[in-house]
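What the coordinates show
Next come the chains, spelled out residue by residue.
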Amino acid sequence: MSQPMLEVTELLMQFQGLTALDRVSFSMDEGSITSLMGPNGAGKTTMFNCITGMYTPTSGQVHFRAQDITARPAYEVSRHGIARTFQNIELFEAATVLDNLLLGRNRFFQGHWWQQVLHTPALARLEEEARAEVETVIDFLDLTAWRNAPISGLPYGVRKVVELGRAICTKPELLFLDEPASGLNPEETRDLAFWIDDIRNELGITVVMVEHDMSLVSAVADRVICMAQGRILAEGTAAEVQSTPSVVSAYLGA
């Protein structure tokens, strides 16, 4: 039996007596698309933050490819091949799309300090390689028309795509998307569904997303995990989870 790509065991996260995650355990396989759903305050983003190094969990363990990454800082988690986006777009407003995407390459070797001072041929080659990788992502996400545009002048939907692109530029093996369809119109959401499929099928990246848009979840997710009050209520396909009485109660009340 193959080892799960990600394994979360008894994860507990408390904030001054408030329990945001109540000993949550789950695992996911490589090549899957998993969606976390649940009402506001269920603990979904807290889960993301604990796995990706933004928070240090109170107790429990996170293993990625059988390596313990519990409580590792975010930059170390990134070096393991894990990337994420955020609910609130985190881009550099004055910089261009190209420059924001190039930041995604920072987890790779950028040359020694003396190479940067002298701008050696070796450093120039590294910069050319980084630019080529970014141009591939620009083509993949249809961002060519916006390549040199400052972020501050872009529509909201395009900004969401740029943040997705920056995460892809880190060349992750596992990608966490925090409400990727939030604020998007139906057409943009349909485009996002195609991109998520392509991210898995063409780029070979395993995807985990927090999402409330059930049309997107139903279109792309192999598996859905529903949470409420820091616990897992149900797991299965989108249809199975939506029909679970405890899930209906969590959303609509008993």
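The written sequence of each chain sets the order in which its residues are numbered from 1. Totals for whole chains, interfaces and linings use every residue, but because this is a predicted model, local features are given only for residues with pLDDT of at least 70 and side-chain atom pairs only at 80 or more, for both listing and counting. Working from all heavy atoms in the structure, the side-chain values ignore hydrogens and water.

**A word on the sheet that holds strand S1 (residues 6-15)**
Worth spelling out the cut-off: When DSSP finds two or more bridges between a pair of strands, those strands are recorded as paired. Comment: elements are numbered from the N terminus, with helices defined as DSSP H or I runs of at least four residues and strands as E runs of at least two. Residue contacts are defined here by distance: any two heavy atoms, one from each residue, within 4.5 Å place the two residues in contact. To get an axis, fit a line to the C-alpha atoms, keeping to the stretch in contact for a helix; angles then go from 0 to 180 degrees between the N-to-C directions.
An order of S2-S1-S4-S5 is seen for the 4 strands of this open sheet, with the pairing classed as antiparallel. Sheet topology places strand S2 (18-28) and strand S5 (67-68) at the edges, where each strand pairs with a single neighbour. Where S1 lies against S2, 8 bridges are found, and the strand directions are antiparallel. Bridged to Leu11 within S2 is Val24. Sheet contacts for helix H1 (residues 44-51): S1, S2 and strand S4 (59-64); angle to S1, the most-contacted strand, approximately 110 degrees.

**A few points about the pattern of salt bridges**
Two side chains with opposite charge may pair up if their charged atoms get near one another. Rule in force here: Each salt bridge in this description consists of a side-chain nitrogen of Lys or Arg and a carboxyl oxygen of Asp or Glu lying within 4 Å of one another. Note on classification: 1.4 Å probe, protein chains only; a residue is buried when its accessible area is under 20% of the maximum for its type, exposed when over 50%, partly exposed between these limits.
Scanning the entire structure with this criterion turns up 12 salt bridges. Notably, a salt bridge pairs Arg84 with Asp178, separated by 3.5 Å at the nearest N-O pair. On the criterion of sequence distance, the pair formed by Arg84 in strand S6 (residues 82-84) and Asp178 in strand S7 (residues 174-178) is long-range, its members being 94 residues apart. For Arg84, a relative accessible area of 13% gives the class buried. Classification of Asp178 as buried rests on a relative accessible area of 1%. Note that Glu163 is salt-bridged to Arg166, the shortest N-O span being 3.8 Å. Taken together, the positions of Glu163 and Arg166, both in helix H6 (residues 156-169) and 3 residues apart, correspond to about one turn of that helix. Taken individually, Glu163 and Arg166 each receive the classification buried, so the pair is uniform in this respect. One salt-bridge network, held together by shared partners, links Glu30, Arg65 and Glu173.

**Topic: unusual backbone geometry**
Keep in mind that most residues, glycine aside, have a negative phi and that most peptide bonds are trans. In this model, Gln16 sits at a positive phi of 50 degrees, which is unusual for a non-glycine residue. By the secondary structure assignment, Gln16 is in the loop between S1 and S2. For Gln16, a relative accessible area of 87% corresponds to the exposed category. For Gln229, which is not glycine, the phi dihedral falls at a positive 50 degrees. Following the sequence through the fold, Gln229 ends up in the loop between strand S9 (223-228) and strand S10 (231-236).

**A short note on the environment of Phe140**
Turning to its location among the elements, Phe140 is positioned in helix H5 (residues 121-140). Spatially, the C-alpha atoms of Phe140 and Gly165 are 8.8 Å apart, while their sequence positions differ by 25 residues. Dropping the residues within four chain positions of it, Phe140 is found in contact with Ile168, Trp195, Asp198, Ile199, Glu202 and Leu203.

**Topic: the side chain of Lys44**
Our working rule: In this tally, Asp and Glu contribute negative charge and Lys and Arg positive charge; neither His nor the terminal groups of the chain are included.
Here Lys44 lies in helix H1. Look at Lys44: it is buried, it has no salt bridge, and the nearest opposite charge is Glu179 at 5.6 Å.

**Concerning H6**
Residues separated by three or four positions in an α-helix point in the same direction, a consequence of the helix having 3.6 residues per turn. Going by this rule: To estimate the expected span of a helix, subtract one from its residue number and multiply by 1.5 Å.
For H6, with 14 residues, the first-to-last C-alpha span of 20 Å sits near the 20 Å given by 1.5 Å per residue. Immediately downstream of H6, the backbone of Lys171 shows phi near 55 degrees, a positive value.

**What to know about a negative patch on the surface**
Condition: For patches, a residue must show more than 30% relative accessible area and have no salt bridge; joins then use 9 Å for like charges and 5 Å for nonpolar side chains, namely Val, Leu, Ile, Met, Phe, Trp and Tyr. To be clear on the numbers: accessible area is Shrake-Rupley with a 1.4 Å probe, and residue cover counts the displayed protein chains and nothing else. Note that the charge is assigned to NZ on lysines, CZ on arginines, CG on aspartates and CD on glutamates.
Negative charge collects at one region of the surface, where Asp139, Asp142, Glu187 and Asp191 lie side by side. Tracing the chain through its elements places Glu187 in helix H7 (residues 186-201).

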